[in-house]
Amino acid sequence: MEKTVTDEIKDRLRKVLVDSLELPMEPSDVPDQGLVDKLGLDSINTIEFLIWVESEFGIEIADEDLSIKLIDSLDLLAGYVRERLA
């Protein structure tokens, strides 16, 4: 099955998440949903992660778009990144 643009973005997001927060897991083990609870993210982690995301994709995440909901779901975040890249 061919990967979609969104799948590729999610793969990159998983890698950025693991690298930026030095998580003791493989990117492939990062879940699609519930990241905040499952990975024990706090506000500092999430901001750090989003800065890395901006750098990785060369986008700017608008302040009004910053929310736990955006970070908690790879699907939502990938969709957001994709819109920003368009």
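Residues numbered from 1 in each chain as written. Predicted model: local features only at pLDDT ≥ 70, side-chain atom pairs only at ≥ 80, totals over all residues. Heavy atoms only, no water.

A few points about the side chain of Ser73
Consideration 1: Mapping Ser73 onto the fold places it in the loop between α4 (68–72) and α5 (74–85).
Consideration 2: Here the side chain of Ser73 touches Gln33 through a polar contact of 3.3 Å, side chain to side chain.
Consideration 3: If we ignore the near neighbours within four places in the chain, the residues touching Ser73 are Asp32 and Gln33. (Helix = DSSP H or I, 4+ residues; strand = E, 2+ residues; numbered from the N terminus. Polar contact = N/O pair within 3.5 Å; in protein donor to acceptor, adjacent residues only side chain to side chain. Contact = heavy atoms within 4.5 Å.)

A word on the pattern of salt bridges
Consideration 1: The final tally for this structure, using the stated rule, is 8 salt bridges.
Consideration 2: Between Lys10 and Asp32 there is a salt bridge, and its shortest N-O distance comes to 3.1 Å. One end of the pair, Lys10, is in helix α1 (residues 5–20); the other, Asp32, is in the loop between α1 and α2 (35–39), and 22 residues separate them in sequence.
Consideration 3: By relative accessible area, which is 26% here, Asp32 ends up partly exposed.
Consideration 4: The salt bridge partner of Lys10 is Asp75, with a shortest N-O separation of 2.5 Å. A residue pair is termed long-range when its members are at least 10 positions apart, and Lys10 in helix α1 and Asp75 in helix α5 qualify at 65 residues.
Consideration 5: Assessed through its relative accessible area of 34%, Asp75 is described here as partly exposed.
Consideration 6: The structure contains a network of salt bridges with shared partners spanning Lys3, Lys10, Asp11, Arg14, Asp32 and Asp75. (Salt bridge = Lys/Arg side-chain N within 4 Å of Asp/Glu carboxyl O. Buried < 20%, exposed > 50% of the residue type's maximum accessible area, 1.4 Å probe, protein only.)

What to know about α5
Consideration 1: With 12 residues, α5 should reach 16 Å at 1.5 Å per residue; the first-to-last C-alpha distance of 16 Å fits that figure.
Consideration 2: Listed as buried for α5 are Leu74, Leu77, Ala78, Tyr80 and Val81. Mapping the buried residues of α5 onto a view down its axis gives an arc of 160°, with all of them on the same face.
Consideration 3: The residue sitting at the N-terminus of α5 and contributing the capping side-chain oxygen is Ser73; that oxygen lies 3.3 Å from the backbone nitrogen of Asp75. (Expected span 1.5 Å × (residues − 1). Arc of directions from axis to C-beta.)

Focus on the UniProt feature "domain: Carrier" (unreviewed entry) in the protein
Consideration 1: This chain's UniProt record puts "domain: Carrier" (unreviewed entry) on residues 7–85.
Consideration 2: Secondary structure within residues 7–85 divides into 65% helix and 0% strand; the distance between the first and last C-alpha atoms comes to 14 Å. (UniProt positions renumbered as here; feature names shortened; annotations may be inferred.)

Overview of unusual backbone geometry
Consideration 1: One non-glycine residue, Glu22, lies in the positive phi region at around 50°.
Consideration 2: One can find Glu22 in the loop between α1 and α2.

Details of the nonpolar core
Consideration 1: In terms of nonpolar packing, the biggest core is built from 25 residues, with Leu13, Leu17, Phe49, Val53 and Val81 touching the most fellow members.
Consideration 2: Counting only elements with at least two residues in this core, the list comes to α1, α2, α3 (43–57), α4 and α5.
Consideration 3: Filtering out sequence-adjacent residues up to four positions away, Leu13 remains in contact with Phe49, Val53, Phe57, Leu74, Leu77, Ala78 and Val81. (Core = buried A, V, L, I, M, F, W, Y, C linked by side-chain atoms within 4.5 Å.)

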